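Structural characterization, general
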Amino acid sequence: MDSELVQQLVVPLAVAALAVIVFVVGNRLRPASWRETEDEGSGTLVLDLINTLFMAVAAFVVVICWQQYDNAHNHTVAESKALVDVYWAAHSLPEPAHEQVQRLVHDYTEQVVTVEWPEMDNEERLSQSTQDTFDKLRDTVLAIQSEDASVTELQAKAVAALDAVAQARHDRAMDAKLGMPGFLYTALWFTTILLLCSAALSGVEVTKRSVVMTALLGVVVGAAIVAIYGLDRPFTGGNIVSKDAFELALSRYQDIT
């Protein structure tokens, strides 16, 4: 079974078990005075505060993680579009520039898909060999010399598109290292612990029904935490940004050729 799938199953179940343990142990340890009915008003207020705090922190973390994920996806789309523009510009260049530029564009895109994506997942950085291919591509385009105005115009278009690729590649390198600030995870886990302790603090008796409800609460909270961690780093883990944009660019190269 895939390790990511195991993690998605184990974490919610572990949090559910922890919630039940806290609930049962807390029921044994809490003072008898906490079970009195006159404390229900203040207890309800505290529980509402804990629930609101957890939902606020979780929602804030999810929004930030999703923004990072969406930005990373947009950067890959921008880079792939610019690569197609370079390939189009090279299509009308005279030989040998035509073949050289298109071959290097294809090689670079293929290396991004096959070499760089796994390296971003494992090392949280871009591939140096892929960077070398891109640098060779830029040098090849810049080395084109011609007195023909149409060739010079195509070269300028290719250079402008390569500048866009370089910018998007730089953004992607930053995205690969991007992660949620530690203090937000501290706040998330702190509010999670408070939420798991809420059943014991509220004075609820340990019954089959209350145990099942507490376990369900743990499953929901655990699943939310797994989802948050899956979105944290756009190119690492089980929920990484898709490389479809570059695969589509490879198919467009074939159509152009």
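All values reported here derive from a predicted model rather than from experimental measurement.

It is worth spelling out the overall build of the protein chain at this point. Summing up its helical and strand segments, the protein chain has eight helices and zero strands in all. Ordered by position from N to C terminus, the α and β elements of the protein chain give α-α-α-α-α-α-α-α. Within the protein chain, the fraction of its 257 residues that count as buried is 38%. Considering only contacts within the protein chain whose residues lie at least 6 apart along the sequence, 83% involve residues at least 24 apart.

Another aspect to go through is helix α4 (residues 128-142). Here α4 spans 21 Å end to end across 15 residues, near enough to the 21 Å set by a 1.5 Å rise per residue. Those residues of α4 that sit buried are Thr130, Thr133, Phe134, Leu137, Thr140 and Val141. Seen from one end, α4 has its buried residues packed into an arc of 120°, which puts them on one side. For α4, the exposed residues lying more than 90 degrees away from the buried face are Gln128, Asp139 and Leu142. The secondary structure elements touched by the buried residues of α4 are α3 (97-123) and α5 (149-177).

Our next topic: the nonpolar core. Judged by nonpolar contacts, the single largest core of 57 residues is most densely connected at Leu93, Val101, Val105, Leu137 and Tyr253. For this core, the elements supplying multiple residues, two or more each, are α1 (3-29), α2 (40-91), α3, α4, α5, α6 (182-202), α7 (208-232) and α8 (244-256). If one sorts the elements of this core by residue count, α2 sits on top with 16 residues. For valine 105, the residues in contact, after removing those within four places along its chain, are Leu83, Val86, Tyr87, Leu137 and Tyr253.

Moving on, we come to the packing of α3 against α5. A pair of packed helices can be characterised by two numbers: the angle between their axes and the separation between those axes. Packing of α3 against α5 brings their axes to within 12 Å, and their N-to-C directions diverge by 15°. Compared by their axis directions, α3 and α5 come out roughly parallel. Crossing of α3 against α5: the hand is right-handed. Residues Tyr108, Val112, Glu116, Trp117 and Met120 of α3 pack against Val165, Arg169, Arg172 and Ala176 of α5. Its residues assigned to classes, the contact of α3 with α5 comprises six nonpolar, no polar and three charged.

Criteria and thresholds
Residues numbered from 1 in each chain as written. Predicted model: local features only at pLDDT ≥ 70, side-chain atom pairs only at ≥ 80, totals over all residues. Heavy atoms only, no water. Helix = DSSP H or I, 4+ residues; strand = E, 2+ residues; numbered from the N terminus. Buried < 20%, exposed > 50% of the residue type's maximum accessible area, 1.4 Å probe, protein only. Contact = heavy atoms within 4.5 Å. Expected span 1.5 Å × (residues − 1). Arc of directions from axis to C-beta. Core = buried A, V, L, I, M, F, W, Y, C linked by side-chain atoms within 4.5 Å. Axes fitted to C-alpha atoms, helices over the stretch in contact; angles between N-to-C directions. Parallel < 35°, antiparallel > 145°, perpendicular 65-115°, else oblique. Left-handed = near helix turned anticlockwise from the far one by under 90°. Nonpolar A, V, L, I, M, F, W, Y, C, P; charged D, E, K, R; others polar.

Purely geometric stuff here, so don't read any function into it on its own.
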